[in-house]
Structures are given as structure tokens and as C-alpha cells.
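# Architecture at a glance
Spelled out, the chains give:
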Amino acid sequence: MIEHNVDLSASNTLGLACIAERVATPRCRAALSALVRDGHTGRGPLTLLSGGSNLILPERLPGLTLRPAMTQWWLEPRGNDAYVHVGAGVNWHGLVMALAERGWWGLENLALIPGHCGAAPVQNIGAYGVELADALESLTLMHLDDGRFQRLGVDECDFGYRESLFKTELDGRVVITDLTLRVSRAGRARLGYGDLASRLSPAPTPWQVAEAVCAVRREKLPDPAELGNAGSFFKNPVVDGSRAQALRQAHPDMPHFALAEGGVKLAAGWLIDQCGLKGWRSGHFGVHERQALVIVHHGGGSAQELLAVAAQVAARVRDRFDIELEREPRLAGMLDVDERASLA
Ligand code: EPU
């Protein structure tokens, strides 16, 4: 069934006002296939909306908005390990906590990340030293041009830091319908990031790790139910070794992380914070007072205004550090064109 003129204001964590022209919410693969077969996906622009936690929506979203709503998941035990088969519409945090509660290791560091499972591979969600790619076995997707289903192994998804094939070659061409994740009873806690270890006893359970991750996130990150946001608004920039060295000489306390593949990852939040922008507000938007990497929406603002505020933040970092920040949330609808205008 296709709904018309649907209000998506409560369906995006930034809380941007948005009316979608047509919305389809397929609850199974057959319903998704039917949309392609009946020609609904071939008529004009198409937007994929999952949990709406990493998306910037325009006031009017033209064409068809597809909201995959396959909400089944089940475990396939294999000795000490198990495969978890998950529909794209399953709530990510709910799944993480359900598995941690049952004593399965694998996803606990990724607790409290908002959104649905189908979007997790797109930006290869990551937190506290773990990325989705570490736990993913394979996924199934449907090609929008001919309705063909395809299974991709984790090595075929071109995963990187907040990157995947679904942001590049397959962008706008496929819908992810299911994931298969790997979990284990014989896992161990991964507590190398930040102060996670200091919050836990020496041999924590998956549930205890997940709870500790939730506690850290709640301290730093605003709850979208209270204050609109899309998590980190910028990616952490990667610079080459000599540039990092020069910056460290000027700023000995600068957080930095050498990458195995070369280059040094810097903390965009720290860079923004150093520009004195923490808690800064401009119109309906601002920089979060506890985590400068998060742009918050105080209500009543538009996508254009948000992009202009983000451009101001990026300009301040560019002026001070000569580093380009790259936006993390994705743009929906015609915003690509509008963004160029607002940055011009
Ligand atoms: N920092 C500051 N000031 C700030 C923010 C950060 O000085 O306002 C410093 C922190 O003290 C720390 C460093 O910057 O030394 C890094 O900060 P933090 O550990 O909070 O992590 P992050 O780099 O800001 C990334 C992810 C988060 C993820 C955390 C934990 C990106 C873009 N963001 O943030 O992901 O939860 O690490 O792993 O990689 C998201 O993508 O939406 C998200 C929240």
C-alpha cells in the first residue's frame, strides 16, 4: 500500500519537519518485490528511510520513500557460536541488548546506536573500537531496477571507516533486506577504547559491557527524543603522519589515533571544541554542550539552515587547523543541489 503526503517529522532523529509525497512500508521481501513489479520504484526520485537517525530531510520529499519494515530475527546456534538472521526493520539497539542479555558476545560495544539494522551496513556503524563489519557475515539486498535479490559476503561490501559499497557504487540502487551476524558464547570483552575498562569489573558479561557503553553514551550524547540530532555530524578526519606530527607539536594534548592502513585519525569533536564552539547556538541549531561533534536542533529549523550552520562550524575548523571536515549524515531528496547553493 502506498500512503500519500506522509508527515516524517517524528521519523527522523534530527526532528526536521518533512512531508513525503508517497511512502511504502514493505513488511516482507514479497511486498518489496511487488513494489518493483508494479512499477512504483521506477517513477521519479526514490529515498530509502530506515530509522532516520543519519538522514537530513527536506521540507518536501518528492517521489517514493521506501521504509523497509521486516522486523523478524532469529538465532541459528552452531556450537559456541551462532548466526543471527535479522530483518532490515529490526531496531538495532533492541537487538544488541537482547543478544547481550542472553550472553552472546559480538555486538555489545554497539549498544544505544539509534536506527534500524538495514541501515547499519550503509555507514558501517561503529563505536568503542568495534564496527558492524567485525560482526557481519553476509547480507541480502534487492536491486531496485529489476527486483533481483543478491547475497553479499562481508568482504564484498567494501567496508571502511563509516564507508561501504552502499554509499558509493550501489548508492540509490539497492535495498538491504536482511543481515546475518556472527555472535559467540566464547567471546571476550573489548575494552580498549577510552575509559570503558575502568567502569567494569575484570571479567564482565556481554550485558555489563553493553550497559557500560550505554552509560558512556548517555553522558555525552543527547537523546534524540529530547533534543534533535543525528549523532556525530562530521567524520573524524584522517591526515598523513607528518601533518599529524606538526599538529601534535603545536597541540601536545590533541587526541590522535594511528591507523593500521596508514595515516592518523584526529578527533573532529576536539577540533571543533578547540574553536570554542561547544554550546554555540545559531538560530534553531547549535553545537552540543557536552560533545562538540554533535549538531543539535532546538526545533523549528530547516535542512538548509542546518547545512549553513554546519558549514560555519567546518569553516572555523578550516581557518584554525587547515583541516576539512566531512559531513556524516546523508542528504535526502533534492538537498544535494540546495547544499551547494547554501555553501556557495
Ligand atoms: N573531544 C573533545 N571535545 C569534544 C568531543 C570530543 O575534546 O567536544 C575529545 C574527547 O575527549 C576524546 C576525543 O575527542 O579525546 C574523541 O571523542 P569521543 O571518544 O567522544 O569519540 P568521537 O571521536 O567524538 C566517535 C564516533 C562516535 C562513537 C565514539 C565512540 C565518529 C564520527 N564518531 O566519536 O559515533 O560513539 O567515537 O567510539 O567516528 C556517531 O557516529 O554518530 C557516533 C556517535
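Residues numbered from 1 in each chain as written. Predicted model: local features only at pLDDT ≥ 70, side-chain atom pairs only at ≥ 80, totals over all residues. Heavy atoms only, no water.

### Considering the packing of aromatic side chains
Keep this limit in mind: Pairing of aromatic rings covers Phe, Tyr and Trp, the last through its six-membered ring, and needs centres within 6.5 Å; plane angles under 30 degrees mean stacked, over 60 mean edge-to-face, and all others mean tilted. What counts as a helix is a DSSP run of H or I of at least four residues, what counts as a strand is a run of E of at least two, and both are numbered from the N terminus. By definition, being over a ring means that NZ of Lys or CZ of Arg is both within 6 Å of the ring centre and within 35 degrees of the ring normal.
Within this structure, the stated rule accounts for 3 aromatic pairs. For the ring pair Tyr 128 and Tyr 193, a centre distance of 5.3 Å and an interplane angle of 85° mean the geometry is edge-to-face. A residue pair is termed long-range when its members are at least 10 positions apart, and Tyr 128 in the loop between β8 (126-127) and β9 (130-131) and Tyr 193 in the loop between β12 (174-184) and α4 (206-220) qualify at 65 residues. Between Trp 270 and Phe 321, the aromatic rings sit 6.0 Å apart at their centres with planes inclined by 50°, giving tilted as the arrangement. In this pair, Trp 270 sits in helix α6 (residues 268-274) while Phe 321 sits in helix α7 (residues 303-321), placing the two residues 51 residues apart along the sequence. Seen from the ring of Tyr 161, Lys 265 lies directly overhead, with NZ or CZ sitting 3.5 Å from the centre.

### So, the domain arrangement of the protein chain
As a reminder of what qualifies: Residue ranges assigned to each domain were obtained from an automatic or database domain assignment. Any carboxyl oxygen of Asp or Glu within 4 Å of a side-chain nitrogen of Lys or Arg constitutes a salt bridge here. We call two N or O atoms a polar contact when they sit within 3.5 Å, provided that within protein one can donate a hydrogen and the other can accept it, with sequence-adjacent residues counted only if both atoms are side-chain atoms. We call Asp, Glu, Lys and Arg charged. Ala, Val, Leu, Ile, Met, Phe, Trp, Tyr, Cys and Pro are nonpolar, and the rest, Gly among them, are polar.
Domain annotation for the protein chain reports domain 1 (2-66), domain 2 (73-217) and domain 3 (223-331). For domain 1 versus domain 3, the separation of C-alpha centres amounts to 29 Å. Where domain 1 touches domain 3, the interface holds 0 salt bridges. Viewed at the interface, domain 3 and domain 1 are joined by 4 residue pairs in polar contact (both at pLDDT 80 or more). Residue composition of the side of domain 1 that touches domain 3, grouped by class: 6 nonpolar, 4 polar and 1 charged.

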